[in-house]
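A closer look at the structure
The chain contents come next:
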Amino acid sequence: MTRTQQLAEFIAGFRYDAIQQPVRDYARTIMFDGTGALLAAANPDFSTGRLIAEFVREQGGTPSASVVGFDFKTSPVMAALANGTMGYACDVEPHHPEAILHPVAVMIPTALALAEPARRSGRDLLAAVVIGCEVEYRVSMALGPAELYALGFHPSAIAGCFGATAAAAFLLGLDTNAVVRALGLAACQTSGMMAWESDPTENARPFQMGVAARNGVTSALLAQRGFGGPDAVFDSGHTVFHAYSRNPRPELLTRDLGVKFDGISELAIKPYSCVSFLHPGLDALFGLLRDERVAHGDIEHLRLYFPQAGQHCIDGNPLKSHCAQYVLPVATVHGELRVSDLFVDQRVGNPAVAALARRVEIRNDPELDKLFPDFYATIVEIETKDGRVLRRRNDIARGYPESPLDDVELNAKFARLAGSVVTPANVDRLARMLATIEAVDDVTALADLLRSPR
């Protein structure tokens, strides 16, 4: 079989029982964390969720799928667009360091959009998220995430469309031939440029996840109706590999297919609401401030050493969530990083943040380059006003599978994020339901809770 056929056959034959128990357990945790991040984006104080919800409400459509955090339903395609956009808005959802992906931001919205109208079970919802994340991961690794970045494409958006298609095809029960067509239609719709880095509103960045979810749902629904599509997008002709990579590794698309589920198992959970590239550095920074008893007023210069291939994303980026010169000073002055810091510029009205922002510098260390993108190895260097130079290196951020957050931290994060949108009572109900998602017979109960704003 061709690679396209192998992948399609895997998706068409996929079942919940094929997921190993440790993968199921971690997937449950990932869904719990990702749902909290999705809900937080529905806070009306944040423009992204408010504007995308207004847009899809105006488009109308058969009201069968919930828009998270807003008290209305729309069509599955438009719900996927709205919820996918919100899934990445707060930049605090699980991510895949090696593949440079935000797959959960795409897969939970995709799965909800089709599982709710069909009254599918929690087992099916979890399985859809697992297979979607796995396919997205495999596409990114086969293309090469660093290759995508170098060409100006966003891995989460390009690969995310295929992951969403896989999740949607699973829930619709498409056969192998229909999945082949759906993957072909997904290839025709793949999009997502790194151009969002110049949008300081932070609206365009998560919109790409919404587009990936919307296009994946559209691809599967059209294939279900018999709509035709390319049949060899991973094999011959105008392939995905030729379009999006100059050094692809196509064999990674199907290697150990169905045996390994690294698309879920290697996801990292974010303790900080910002780009994942800055997480190892934030851990190092907080450690130095604590251990060396350094206050923000003691700092003369703050330097961040980071792999050269990723520097463009964090050095002076107009987006607050991706700007080291913003994130590090805010974290230093406040002692934390909040979701609202992405949307309200703390440099305005806070002289301490503004002053420290002018003293942050990004540098390169060739030793760190060797590990990227498998590791976002970072060195933080603080030069104090009394002449001390303090350095700390960190390769693995808290929240990685190798350094997981404990249950207390995970529950507190969920309560903080979800509680910004829904009532405390519904936060508790959601937490209990997500903890036992496989026992849920009909996910409409979950969708009803997610749709209920404070």
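Here goes a summary of the coordinates provided.

What counts as what
- Residues numbered from 1 in each chain as written.
- Predicted model: local features only at pLDDT ≥ 70, side-chain atom pairs only at ≥ 80, totals over all residues.
- Heavy atoms only, no water.
- Helix = DSSP H or I, 4+ residues; strand = E, 2+ residues; numbered from the N terminus.
- Rg over C-alpha atoms; globule rule 2.2 N^0.38 Å.
- Buried < 20%, exposed > 50% of the residue type's maximum accessible area, 1.4 Å probe, protein only.
- Contact = heavy atoms within 4.5 Å.
- Areas by Shrake-Rupley, 256 points an atom, 1.4 Å probe, with all protein chains shown as cover.
- Phe/Tyr/Trp six-rings, centres within 6.5 Å; stacked < 30°, edge-to-face > 60°.
- Lys NZ or Arg CZ within 6 Å of the ring centre and 35° of its normal.
- Pairing = 2+ DSSP bridges.
- Axes fitted to C-alpha atoms, helices over the stretch in contact; angles between N-to-C directions.
- Polar contact = N/O pair within 3.5 Å; in protein donor to acceptor, adjacent residues only side chain to side chain.
- Core = buried A, V, L, I, M, F, W, Y, C linked by side-chain atoms within 4.5 Å.
- Salt bridge = Lys/Arg side-chain N within 4 Å of Asp/Glu carboxyl O.
- Expected span 1.5 Å × (residues − 1).
- Bend = angle between axes of the 7 residues up to and from the residue.

1. Quick word on the overall build of the protein
Helices and strands together make up the secondary structure of the protein, namely 20 helices and six strands. Over its C-alpha trace the protein gives a radius of gyration of 21 Å, about what one expects of a compact globule, namely 22 Å for 454 residues. The buried share among the 454 residues of the protein stands at 61%. Partitioning the contacts of the protein with sequence separation of at least 6, the portion at a separation of at least 24 is 77%. When the accessible surface of the protein is split by element, carbon and sulfur atoms take 50% of a total near 16400 Å².

2. Quick look at the packing of aromatic side chains
Throughout the structure, instances matching the rule amount to 15 aromatic pairs. Geometrically, the ring pair formed by Phe-234 and Phe-241 is tilted, given 5.9 Å between the ring centres and 55° between the ring planes. Note on accessibility: Phe-234 and Phe-241 belong to one class, buried. Measuring from centroid to centroid gives 5.7 Å for Tyr-272 and Phe-286, while their planes differ by 40°, and the two rings are tilted. Of the two residues, Tyr-272 sits in the loop between helix H12 (262–265) and helix H13 (279–291) while Phe-286 sits in helix H13, which places them 14 residues apart along the sequence. Residue Tyr-272 is classed as buried on the basis of its relative accessible area, which comes to 8%. Judged by its relative accessible area of 16%, Phe-286 is buried. Three or more aromatic residues link up through ring pairs in this structure, and these residues are Tyr-149, Phe-277, Phe-306, Phe-372 and Tyr-376. Its guanidinium or amino end placed over the ring of Tyr-88, Arg-205 lies 4.6 Å from that ring's centre, counting from NZ or CZ. For the cation-ring pair, Arg-391 lies above Tyr-305, with the distance from its terminal atom to the ring centre recorded as 5.3 Å.

3. Some words on the sheet that holds strand E6 (residues 389–394)
In spatial order, the strands read E4-E3-E5-E6; together these four strands make up an open sheet with mixed pairing. The sheet is open, and its two edges are formed by strand E4 (360–363) and E6, each paired on a single side. Neighbour-to-neighbour, the strand axes of the sheet open up by a mean angle of 15°, direction not taken into account. Bridge analysis of strand E5 (residues 378–384) against E6 gives six bridges, and the strand direction is antiparallel. Paired with Glu-383 across the bridge in E6 is Val-389. Running over the sheet, helix H15 (residues 324–334) touches strand E3 (299–305) and E4 and is turned about 130° from E4.

4. Some thoughts on the side chain of Ser-452
Relative to the helices and strands, Ser-452 resides in the segment after helix H20 (444–451). At a separation of 3.2 Å, a polar atom in the side chain of Ser-452 contacts the side chain of Asn-426. Reaching out from Ser-452, the side chain makes a polar contact with the backbone oxygen of Leu-449 at a distance of 2.7 Å.

5. Focus: the pairing of E4
Where burial is concerned, the two faces of E4 differ: the one with Val-360 and Ile-362 is buried and the one with Glu-361 and Arg-363 is not. The pairing of E3 with E4 spans four bridges and is classified as parallel. Its bridge partner being in E4, Leu-304 is matched across the sheet by Ile-362.

6. Regarding the nonpolar core
Within the largest apolar cluster, 121 residues are counted, with the highest numbers of intra-cluster contacts made by Ile-11, Phe-14, Met-86, Leu-125, Phe-234 and Leu-446. Looking at this core element by element, the count peaks at 14 residues for helix H6 (residues 122–143). Beyond its immediate sequence surroundings of up to four residues, Leu-446 is in contact with Leu-112, Leu-125, Leu-430, Met-433, Leu-434 and Ile-437. Within the second largest apolar cluster, 44 residues are counted, among which are Leu-289, Phe-306, Tyr-376 and Tyr-400.

7. Examining the pattern of salt bridges
Under the counting rule described, the total for this entry stands at 29 salt bridges. In this structure, Arg-28 and Glu-438 form a salt bridge, with 2.7 Å as the shortest nitrogen-oxygen distance. Highlighted residues: Arg-28 in helix H2 (residues 21–40) and Glu-438 in the loop between helix H19 (424–435) and H20, separated in sequence by 410 residues. Like Arg-28, the residue Glu-438 is buried in the burial classification. Between Asp-283 and Arg-398 there is a salt bridge, and its shortest N-O distance comes to 3.6 Å. One end of the pair, Asp-283, is in helix H13; the other, Arg-398, is in the loop between E6 and helix H18 (407–418), and 115 residues separate them in sequence.

8. Brief notes about the environment of Pro-248
For Pro-248, the location among the structural elements is in the loop between helix H11 (240–244) and H12. A relative accessible area of 28% means that Pro-248 is categorised as partly exposed. Separated by 108 residues in sequence, Pro-248 and Ser-140 place their C-alpha atoms 9.6 Å apart. Among residues more than four places away in sequence, those in contact with Pro-248 are Ala-142, Leu-143 and Phe-241.

9. Re helix H9 (residues 176–189)
Over its 14 residues, H9 runs 20 Å from end to end, which matches the ideal 20 Å to within 8%, given 1.5 Å per residue. Among all positions of H9, only Ala-178, Val-179, Val-180, Ala-182, Leu-183, Gly-184, Leu-185 and Ala-186 are buried. In this structure, the buried side of H9 is in contact with helix H1 (3–12), helix H8 (155–172) and helix H10 (204–224).

10. Examining H8
With 18 residues, H8 extends 25 Å between its outermost C-alpha atoms, agreeing within 8% with the 26 Å of an ideal straight helix rising 1.5 Å per residue. A maximum bend of about 30° is found in H8 at Cys-161. Across the 18 residues that make up H8, a large majority, 17, are buried. Gly-173 occupies a position one or two residues after H8 and carries a positive phi of about 70°.

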